[in-house]
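Examining the three-dimensional arrangement
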Amino acid sequence: MKAILAPALFALAACSAWAVPGDAGPLRVVTLGTVLAEIAVQVGGSDAEVVNLVQPGVDPHTFNPSPADIRTLVDADLVLASGLRLEGYLDRLVASVGPRDRVVAVGDALPLVLSTPGPGAGAEKDPHWWHSIDNMLFAVDLVRAEFARARPGHAEVFARNAREYRRRLEALKAWVSAEVAVLPPDRRQLVTSHDAFGYFAHDYGFSIHAINGLSTESEADARHLAGLIDLIRRERIHAVFAESSANPRLVANLLDETGVRLGGTLYADGLGPPGSGAETYEAMYRHNVLAIVGALSGP
Amino acid sequence: MSLHDLLIAPFTYEFMRRGLLSAILLGVSGGLLGCVLVLRRLALMGDALSHSLLPGVAAAWLLFGTSTVALFFGGLIAGLLTALGSAMISRLTRVKEDAAFGSLFIVFFGAGVALISKLPTRLNLADFLFGNVLGVSGSDLRLALAVSGCTAAVFIIFYRSILLETFDPVFHRATGGRGGLVHMGFLTLTVLNLVAAMQTMGIVLALGLFLLPAVSAYLWCDRFISMLLLSVGLALLGSVVGILVSFHAGLASGAAIVLCLGFVFIASALFSPRHGALGALRRGDAR
């Protein structure tokens, strides 16, 4: 039903006028996700106005912009999207809100892009790129370059902000390496709701066993769940992880069946809401790593 | 693949046993209820009712999360409001009940879709339109048990009233039976069963578990009691085979059950010797 409605909204938006970006005033940035919003705020500082449309807790795979959102998008100087088909609605959005170069799909330009053989339909790109800190570092630079292009006069401020933020991300990276080093390689098995931690697994040598596929929309089938139960028993996996934006019922059944404990709730598709202890990228990453290492290193 | 792998191995998993048990429980009550819906020509009304549950379930999900009890009461309230509302409209205005029902249920369904699109919930629409047998919880199962027991008890206790009201409502009322009450009772039972079947079958497909065995049985039986028994039997068979098919073929459970029952229905409609299409063509008495 939503799929039918959306093109009409986009068409509506395309008819209304949008402002031509100039070099005056703060840069108006609209982001389609919490991680992107943080990058934009950190790099832009006081020289950018950042509006994030996809709030914490909203599933970015299935988000559907409202007419008011479309208005915000049309008025923006720059739109940041995750890309790699995380936003299934992005192509229609780009077609309606104006020139392609106002919409930057950050993920599409990254050096490290993983692919997973999708169910039936060949390889599918994994859109959860921010779970690799190296990708984050690259994305910060990319956003800095885009900002500088849109507001050349502020380029130095953006460069200084980006440098500072990258320094903090480097520190986070060192901390994560030290934390994960505690886990022996045979303990590095991650059972999660949907396949969102491929980049984390790639960087730190984990294997991923997900109930659903890359998108929260893909359905699990009974045989797959049965296989997962067998695997948990055979490999003596200690814990299963729930996700902040996924249906908790399947995980609950998996715990029931195998008797393993819930390792905690991971933030898979973005940052947490204010007060969750995962409202910044660094806090989110620390939360996930502490939950994973804590649950898997236990006796 | 050995017979053990085919039939037994899937049920070594707790979640498969739960899904099967819930389908069996609802097959019993659905098979009974479906017969009355078919004979009283309420089949389409049942369909309308199932759609009208959506806003109740969506609002309950928003307020109380995935709690089975909350979803149950949310759906129940929405369904009963639709049934009672259209009964009121048809009695107090010139609009007939079918038009009142048809209009109200689509308003309710629209409200449900609006709620879901508006709220930042994690509600997966597909899951409760089409069900997900993998997510059946212990409380879902207890709910199915209660509803199924209730339905079976009502049929046993009120068998005579149901029989009379179904085949000769005029006589039933003349002898002091209260037809309006029985009618509302059926609609309430239908809503109860639909809500209980939501997790396994999904609200759109749940009605298939009720109607398809009943229409198939109607094509074979002439006595009410044998139609009831055959209908329950077919519902059970369809549930077991459907769940096995969904496991081995990796299909959605509700759809697999409905397709198995649909196969039985189409075969019955074609080949039933006395009431089937081929028999009628051979005898030359097609209407």
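All values reported here derive from a predicted model rather than from experimental measurement.

1. Here we look at the overall build of chain B
Within chain B, the secondary structure is distributed over 15 helices and zero strands. Radius of gyration (C-alpha) of chain B: 19 Å, near the 19 Å computed for a compact globule of 287 residues. Seen through its principal axes, chain B has C-alpha atoms that stretch 50 × 50 × 35 Å. Burial status across chain B gives 46% buried among its 287 residues.

2. Structural notes on the overall build of chain A
On a plain count of helices and strands, chain A comes out with 10 helices and 10 strands. When the 299 residues of chain A are sorted by exposure, 44% land in the buried category. Long-range pairs, those at least 24 residues apart, make up 61% of the contacts in chain A with a sequence separation of at least 6.

3. Some points on the packing of helix H2 (residues 34-44) of chain A against helix H6 (residues 155-180) of chain A
How two helices pack is summed up by the angle between their axes together with the distance between the axes. All names here are of chain A. With their axes 7 Å apart at the nearest point, H2 and H6 run at an angle of 125 degrees to one another. One way to sum up the angle between H2 and H6 is to call them oblique. Residues Gln42, Val43 and Gly44 of H2 form the contact with H6, whose participating residues are Phe158, Asn161, Ala162 and Tyr165. Here the contact of H2 with H6 is composed, by residue class, of four nonpolar, three polar and no charged.

4. Some points on the pairing of strand S3 (residues 78-81) of chain A
Residues and elements named next belong to chain A. Here S3 shows a buried face lined by Leu78 and Leu80 and a second buried face lined by Val79 and Ala81. Examined bridge by bridge, strand S1 (residues 27-31) and S3 share three bridges and lie parallel to one another. Bridging from a neighbouring strand, Val30 pairs with Val79 of S3. The sheet contact formed by S3 and strand S4 (residues 103-105) spans three bridges and is parallel. Looking at S4, one finds that Ala81 is bridged to Ala105.

5. Re the environment of Gly149 of chain B
Residues and elements named next belong to chain B. For Gly149, the position within the fold is in helix H8 (residues 138-157). Judged by C-beta crowding, with 13 C-beta atoms within 10 Å, Gly149 ranks as partly exposed. In the structure, Gly149 is positioned 68 residues away from Ala217 in sequence and 22 Å away in space, judged by C-alpha atoms.

6. A few points about the sheet that holds S4 of chain A
In a beta sheet, neighbouring strands are held together by backbone hydrogen bonds and run either parallel or antiparallel to one another. All names here are of chain A. Spatially, four strands are ordered S2-S1-S3-S4 in an open sheet, and the strand pairing comes out parallel. Each edge of the sheet is formed by a strand with only one pairing partner; in this case those strands are strand S2 (48-52) and S4. Adjacent strand axes in the sheet meet at a mean angle of 25 degrees, parallel and antiparallel pairs treated alike.

7. Overview of the environment of Glu170 of chain A
Here Glu170 of chain A is to be found in helix H6. Through-space distance from the C-alpha of Glu170 of chain A to that of Asp195 of chain A is 25 Å; in sequence the pair is 25 residues apart.

8. Considerations on unusual backbone geometry
Phi is positive for Arg236 of chain A, which is not a glycine, with a value near 50 degrees. Classification of Arg236 of chain A by C-beta neighbours within 10 Å gives exposed; the count is 10. A positive phi is found at Arg41 of chain B, a non-glycine position, where the angle reads about 55 degrees.

9. What about the pairing of strand S9 (residues 239-243) of chain A?
All names here are of chain A. Of all five residues in S9, five are buried, a share of seventy percent or more. The two faces of S9 match: Ala239, Phe241 and Glu243 on one face and Val240 and Ala242 on the other face are all buried. As paired elements, S9 and strand S10 (residues 261-266) share five bridges and run parallel to each other. Residue pairing for S10: Phe241 is matched across the bridge by Gly264.

10. Structural notes on the packing of helix H4 (residues 54-64) of chain B against helix H5 (residues 68-92) of chain B
All names here are of chain B. Relative to each other, H4 and H5 sit at 145 degrees, their axes nearing to 7 Å. Remark: the crossing between H4 and H5 carries right-handed chirality. Of H5, the residues touching H4 (which contributes Pro55, Gly56, Val57, Ala59, Ala60, Trp61, Leu63 and Phe64) are Ala70, Leu71, Phe73, Gly74, Gly75, Ile77 and Ala78. Tallied by class, residues from the contact of H4 with H5 come to 12 nonpolar, three polar and no charged.

11. Quick word on the nonpolar core
Membership of the largest hydrophobic core comes to 162 residues, with the highest contact counts inside it found for Ala40, Val79 and Leu80 of chain A together with Leu194 of chain B. The dominant element in this core, judged by the number of residues it contributes, is helix H2 (residues 14-39) of chain B, at 13 residues. Discounting residues that sit within four places of it in the chain, Val79 of chain A has contacts with Val30, Leu73, Val97, Arg102, Val103 and Val104 of chain A.

12. Some points on the confidence of the model for chain A
Residue and element names in this part refer to chain A. For chain A, the mean per-residue pLDDT works out to 83, and 84% of the residues sit at or above 70. Low pLDDT (under 50) marks residues 1-6, which in the prediction has six contacts with non-local residues, meaning those over four places away or in another chain. Overall, residues 8-21 carries pLDDT values under 50, and its contacts beyond four positions in sequence, including any with other chains, amount to 21 contacts.

Thresholds, definitions, all that
Residues numbered from 1 in each chain as written. Chains lettered and ligands numbered in written order. Predicted model: local features only at pLDDT ≥ 70, side-chain atom pairs only at ≥ 80, totals over all residues. Helix = DSSP H or I, 4+ residues; strand = E, 2+ residues; numbered from the N terminus. Rg over C-alpha atoms; globule rule 2.2 N^0.38 Å. Buried ≥ 20, exposed ≤ 12 C-beta atoms within 10 Å, placed from the backbone. Contact = placed C-beta atoms within 7 Å. Axes fitted to C-alpha atoms, helices over the stretch in contact; angles between N-to-C directions. Parallel < 35°, antiparallel > 145°, perpendicular 65-115°, else oblique. Nonpolar A, V, L, I, M, F, W, Y, C, P; charged D, E, K, R; others polar. Pairing = 2+ DSSP bridges. Left-handed = near helix turned anticlockwise from the far one by under 90°. Core = buried A, V, L, I, M, F, W, Y, C linked by C-beta atoms within 7 Å. pLDDT = per-residue confidence, 0-100.

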